[in-house]
Amino acid sequence: MLNLVNLLDDAKCFATVRQLRWPDGVVHCPKCDSGQVTKRGKDDTQLHRQRYCCQNCGSQFDDLTDTIFAGRRQPLRTWIGCLYLMGLNVSNQQIAQELDLNKDDVHQMTTQLRQAIVDNKPEVQLAGEVECDEVYITAGHKGNPEALKKKAVKGGGANSKGFGVGGRSPRKSRRS
Ligand SMILES: [Zn+2]
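About the criteria used
Residues numbered from 1 in each chain as written. Predicted model: local features only at pLDDT ≥ 70, side-chain atom pairs only at ≥ 80, totals over all residues. Helix = DSSP H or I, 4+ residues; strand = E, 2+ residues; numbered from the N terminus. Buried ≥ 20, exposed ≤ 12 C-beta atoms within 10 Å, placed from the backbone. Contact = placed C-beta atoms within 7 Å. pLDDT = per-residue confidence, 0-100. Pairing = 2+ DSSP bridges. Arc of directions from axis to C-beta. Axes fitted to C-alpha atoms, helices over the stretch in contact; angles between N-to-C directions. Core = buried A, V, L, I, M, F, W, Y, C linked by C-beta atoms within 7 Å.

Peer 1: I would appreciate a short explanation of the overall build of the protein in the present structure.
Peer 2: The helix and strand tally for the protein stands at seven helices and three strands. When the helices and strands of the protein are read in sequence order from the N terminus, they spell out α-α-β-β-β-α-α-α-α-α. The buried share of the protein, reckoned over its 176 residues, is 27%. Intrachain contacts of the protein at a sequence separation of at least 6 include 58% that bridge at least 24 residues.

Peer 1: Got a minute to help me understand unusual backbone geometry in this structure?
Peer 2: Negative phi characterises most residues that are not glycine, and trans characterises most peptide bonds. One non-glycine residue, Asn-89, lies in positive phi territory at about 65 degrees. Take Asn-89: it is sitting in the loop between α3 (76-87) and α4 (92-99). Since 7 C-beta atoms lie within 10 Å of it, Asn-89 is described here as exposed. Positive phi values are uncommon outside glycine, yet Asp-100 reaches one of about 60 degrees. Within the secondary structure, Asp-100 sits in the loop between α4 and α5 (103-119).

Peer 1: Mind showing me how you'd approach the confidence of the model for the protein here?
Peer 2: For any part of a model where pLDDT is low, the fine detail of the predicted coordinates should not be relied upon. Across the protein, the average pLDDT comes to 78, with 68% of residues at or above 70. Between the elements of the protein, mean pLDDT differs from a low of 41, seen in helix α6 (residues 123-140), to a high of 98, seen in strand β2 (residues 50-54). Every residue in residues 123-142 is under pLDDT 50, and counting partners more than four places away or in other chains gives 15 contacts. In the model, residues 153-174 has pLDDT below 50 throughout and makes 56 contacts with residues more than four positions away in sequence or in other chains.

Peer 1: Teacher, can you tell me more about the pairing of β2 here?
Peer 2: Walk down a regular strand and you will see the side chains alternate between the two sheet faces. When strand β1 (residues 37-42) meets β2, the two strands line up antiparallel, connected through four bridges. Bridge pairing in β2 links Val-37 to Cys-54. Relative to strand β3 (residues 60-62), β2 is paired through three bridges, and the arrangement is antiparallel. Bridge pairing in β3 links Tyr-52 to Phe-61. The turn linking β2 back onto β3 is made up of five residues, and Gly-58 within it adopts a positive phi angle of 80 degrees.

Peer 1: Any chance you could explain α4 here in plain terms?
Peer 2: Structural remark: α-helix, 3.6 residues per turn; residues separated by three or four positions point the same way. The complete set of buried residues in α4 reads Asn-92, Ile-95, Ala-96 and Leu-99. Along the axis of α4, the buried residues cluster in a sector spanning 100 degrees; they form a single face. Those residues of α4 that are buried lie in contact with α1 (4-7), α3 and α5. Directly after α4, the chain includes Asp-100, whose backbone phi takes a positive value near 60 degrees.

Peer 1: Would you mind showing me how to read the environment of Cys-32 here?
Peer 2: Summarising the element assignment, Cys-32 is placed in the loop between α2 (10-21) and β1. On the basis of neighbour count, Cys-32 is assigned to the partly exposed category, with 13 C-beta atoms found within 10 Å. The residues touching Cys-32, leaving out its near neighbours within four places in the chain, are Cys-54, Asn-56 and Cys-57.

Peer 1: Which parts of the structure should I look at to understand the sheet that holds β3?
Peer 2: Working definition: the strands of a sheet are paired by backbone hydrogen bonds and lie parallel or antiparallel to each other. One open sheet holds the three strands; their spatial order is β1-β2-β3, and the pairing between them is antiparallel. A single partner strand is all that each edge strand has here, and the edge strands are β1 and β3. Pairs of neighbouring strands in the sheet enclose a mean axial angle of 35 degrees, with direction left out of account.

Peer 1: Explain the nonpolar core here, please?
Peer 2: Proteins that are soluble and globular tend to have nonpolar side chains buried together. The biggest cluster of nonpolar side chains holds 18 residues, and the ones touching the most others in it are Phe-69, Leu-76, Trp-79, Cys-82, Ile-95, Leu-99 and Val-106. Elements supplying a minimum of two residues to this core: α2, α3, α4 and α5. Per-element accounting of this core gives the leading share, five residues, to α3. Those residues within four positions of Ile-95 in sequence are excluded, and the remaining contacts are Cys-82, Leu-85, Val-90, Val-106 and Thr-110. Residues Val-27, Cys-29, Cys-54 and Phe-61 belong to the second largest nonpolar core, which totals five residues.

Next comes the structure, spelled out in structure tokens:
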């Protein structure tokens, strides 16, 4: 039987994410937004996932850092396949069938993808929320922003990550 995910090319899926988050083709650091970035080999298990090092602030990141696709159980091509089917207005049940996943997983994925897309509405709308976000971090994690960051990465929810397109702006609409 034909399986959509098996037909998707890993290299192209990662290229798609790069294109979405860095449309001008210049990789930008998610932390300081510098374009002075060098490649630093590929991920150990995902051979097409490019790693980078920022020459400005020294932070290390990769294609998926700070995107909704980071730290997921399902491989990137499953998510891209899901996104594709969502674009065709396919029901969750049918997506589950096509991707060989259970319906609950698909429900979670489509919900998070939709939320991520909403979170990436034009910058103007986000301006007020960014300020709100700063206040929240300062108040709740006094003097320890690193702890919060780790927590956010671990949690991996759509509410703590951009979708990719917004990867260049560090903090977006986390608290919408
Ligand atoms: Zn940097």
